[in-house]
Amino acid sequence: MTSRPGKVVLAGLEFHARHGVYEEELRFGARFVVDLDLEWDFTHLSDHIDATVNYALVYESVRHEVTEKHFKLIEMLAERIAARILQEHSRLARVTVRVHKPHAPIPGIFRDVYAEVIREQVGTPGQDAAQESRAG
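## Focus: the nonpolar core
And step 1. Of all hydrophobic cores here, the largest spans 28 residues; its most connected members are Val34, Leu36, Val62, Ile81 and Val97.
And step 2. Of all elements in the fold, only strand 1 (5-17), strand 2 (30-41), helix 2 (55-68), helix 3 (74-88), strand 3 (94-100) and strand 4 (114-120) reach the threshold of two or more residues within this core.
And step 3. Sorting elements by how many residues they give to this core places helix 3 first, with 7 residues.
And step 4. Look past the residues within four positions of Leu36 in its chain and what remains in contact with it is Val8, Val9, Leu10, Leu13, Val58, Val62, Ile81, Ile85, Val95, Thr96 and Val97.

## A few points about the environment of Tyr59
And step 1. For Tyr59, the location among the structural elements is in helix 2.
And step 2. Under the relative-accessibility criterion, Tyr59 is labelled partly exposed at 33%.
And step 3. When the C-alpha atoms of Tyr59 and Val34 are compared, they prove to be 9.9 Å apart, with 25 residues separating the residues in sequence.
And step 4. Apart from residues no more than four positions distant in its own chain, Tyr59 is found in contact with Leu10, Leu13 and Phe15.

## Some thoughts on the packing of helix 2 against helix 3
And step 1. Where helix 2 meets helix 3, the closest approach of the two axes is 10 Å, and the angle between their N-to-C directions is 145°. For the pair helix 2 and helix 3, the crossing hand works out as right-handed. From helix 2, Val58, Ser61, Val62, His64, Glu65 and Val66 reach across to helix 3, where they touch Leu77, Arg80, Ile81, Arg84, Ile85 and Glu88.
And step 2. The class makeup of the residues in the contact of helix 2 with helix 3 is 6 nonpolar, 2 polar and 4 charged.

## Side note on the confidence of the model for the chain
And step 1. Summary statistics for the chain give a mean pLDDT of 88 and a share of 87% for residues scoring 70 or more.
And step 2. Confidence drops under pLDDT 50 across residues 124-136; counting only partners more than four residues distant or on other chains, this segment forms 23 contacts.

## Notes on the side chain of Glu25
And step 1. Position of Glu25 among the secondary structure elements: in helix 1 (residues 23-28).
And step 2. Assessed through its relative accessible area of 11%, Glu25 is described here as buried.
And step 3. In this structure the side chain of Glu25 is engaged in a polar contact, spanning 2.4 Å, whose partner is the side chain of Lys101.

## Remarks on helix 2
And step 1. An ideal rise of 1.5 Å per residue puts 20 Å on 14 residues; helix 2 measures up with 19 Å between its terminal C-alpha atoms.
And step 2. All of the buried residues in helix 2 are Val58, Ser61, Val62, Glu65 and Val66. Buried positions in helix 2, seen along its axis, are confined to an arc of 125° and lie on one side of it.
And step 3. Buried residues belonging to helix 2 abut strand 1, strand 2 and helix 3.
And step 4. In this structure Asn54 caps helix 2, since a side-chain oxygen of it lies 2.9 Å from the backbone nitrogen of Ala56.

Reading the values: the criteria
Residues numbered from 1 in each chain as written. Predicted model: local features only at pLDDT ≥ 70, side-chain atom pairs only at ≥ 80, totals over all residues. Heavy atoms only, no water. Core = buried A, V, L, I, M, F, W, Y, C linked by side-chain atoms within 4.5 Å. Buried < 20%, exposed > 50% of the residue type's maximum accessible area, 1.4 Å probe, protein only. Helix = DSSP H or I, 4+ residues; strand = E, 2+ residues; numbered from the N terminus. Contact = heavy atoms within 4.5 Å. Axes fitted to C-alpha atoms, helices over the stretch in contact; angles between N-to-C directions. Left-handed = near helix turned anticlockwise from the far one by under 90°. Nonpolar A, V, L, I, M, F, W, Y, C, P; charged D, E, K, R; others polar. pLDDT = per-residue confidence, 0-100. Polar contact = N/O pair within 3.5 Å; in protein donor to acceptor, adjacent residues only side chain to side chain. Expected span 1.5 Å × (residues − 1). Arc of directions from axis to C-beta.

Below you can see the structure in the form of structure tokens.
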């Protein structure tokens, strides 16, 4: 049987956080928006949380990285989120992370600034099934 890759998207995760290079950004903070594309093989997926990537756990990991840590660059924040998600969920084949900073300190009119990273899993998928099962 051929694999059936699939994707779950978490879009528009909003957090107030203190990332940036300027003192005002650290003092006042700003709104950051994170989007994730989580990709893995749906071929043998059953209709049970233990058979998938628990996106409630993914959300909590993203929340922690965005609100509990400080990065000067949104590129580094995106990279750290991708690395953590892949480490915690080895079932994933690939993750795309976009970190938006819609109120970046740029003189001029713009809608959004974001950094995007696409990272692939290194290792054997499925190693975290027991971990995710225990986490519920």
